[in-house]
Amino acid sequence: MGTVKVNITATSTVRYSKTVEMNEVDYERYLAICHSEMNSREIDEEVKEIAVKYGFEPCDDQIEDIDDPEDIEFDLIS
């Protein structure tokens, strides 16, 4: 029997967590953004800007929880 080259992909939801000391002004800005009329993409960008300011750049050592892989696919590579 021969072998074939296959790319396996899956989707999984990851939850990251980091505790920081945040200025109250930034927290109030976060709350205002969440209650604004911006679309969800704009909200995500604004909130991400605050998170990055406090060193929240998700990486492996900040994983709090991860779901089992879903929608697993096998794609033949020619």
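About the cut-offs
Residues numbered from 1 in each chain as written. Predicted model: local features only at pLDDT ≥ 70, side-chain atom pairs only at ≥ 80, totals over all residues. Heavy atoms only, no water. Helix = DSSP H or I, 4+ residues; strand = E, 2+ residues; numbered from the N terminus. Expected span 1.5 Å × (residues − 1). Polar contact = N/O pair within 3.5 Å; in protein donor to acceptor, adjacent residues only side chain to side chain. 1 Å grid on protein atoms, 1.4 Å probe; cavity = no way out; pocket = protein on both sides within 12 Å on 5 of 7 lines; lining within 4 Å. Points joined across faces, edges and corners; volume = space filled by probe spheres on them. Nonpolar A, V, L, I, M, F, W, Y, C, P; charged D, E, K, R; others polar. Axes fitted to C-alpha atoms, helices over the stretch in contact; angles between N-to-C directions. Parallel < 35°, antiparallel > 145°, perpendicular 65-115°, else oblique. Left-handed = near helix turned anticlockwise from the far one by under 90°. Contact = heavy atoms within 4.5 Å. pLDDT = per-residue confidence, 0-100. Buried < 20%, exposed > 50% of the residue type's maximum accessible area, 1.4 Å probe, protein only.

1. As for helix α2 (residues 40–53)
Here is step 1 of the chain: A rise of 1.5 Å per residue sets the reference length of α2, with its 14 residues, at 20 Å; its end C-alpha atoms lie 20 Å apart and thus fit the reference within 8%.
Here is step 2 of the chain: Two or three places before R41, at the start of α2, stands the capping residue N39, its side-chain oxygen 3.1 Å from that residue's backbone nitrogen.
Here is step 3 of the chain: Note on α2: the residue one or two positions beyond its end, G55, has a positive phi of about 75°.

2. Overview of the layout of surface pockets
Here is step 1 of the chain: What the largest pocket holds in volume is close to 350 Å³.
Here is step 2 of the chain: If you trace the largest pocket, you find 15 residues lining it, with M22, V47, I50, A51 and F56 closest to the centre.
Here is step 3 of the chain: Broken down by secondary-structure element, the contributors of at least two residues to the lining of the largest pocket are α1 (24–34) and α2.
Here is step 4 of the chain: The element contributing the most residues to the lining of the largest pocket is α2, with five residues.
Here is step 5 of the chain: Classifying every residue of the lining of the largest pocket by side-chain character gives twelve nonpolar, one polar and two charged.

3. Notes on the packing of α1 against α2
Here is step 1 of the chain: Two elements in contact, α1 and α2, have axes separated by 10 Å at closest approach and are oriented at 165°. By the angle between their axes, α1 is roughly antiparallel relative to α2. Where α1 crosses over α2, the two elements pack in a sense that is left-handed. Packed against α1, whose contacting residues are D26, R29, Y30 and I33, the element α2 presents I43, E46, V47, E49, I50 and K53 at the interface.
Here is step 2 of the chain: Of the residues contributing to the contact of α1 with α2, the split by class is five nonpolar, no polar and five charged.

4. Quick look at the confidence of the model for the protein chain
Here is step 1 of the chain: On average, the protein chain scores 88 in pLDDT, and the residues at 70 or more come to 96%.
Here is step 2 of the chain: Per-residue pLDDT, averaged within each element of the protein chain, yields its smallest value for strand β3 (residues 63–66) (75) and its largest for α1 (95).

5. A closer look at the environment of R29
Here is step 1 of the chain: With respect to the element layout, R29 can be found in helix α1.
Here is step 2 of the chain: Judged by relative accessible area, which is 29%, R29 ranks as partly exposed.
Here is step 3 of the chain: In sequence terms R29 and I50 are 21 residues apart; their C-alpha atoms lie 8.7 Å from each other.
Here is step 4 of the chain: A polar atom in the side chain of R29 sits 3.1 Å from the side chain of E49.

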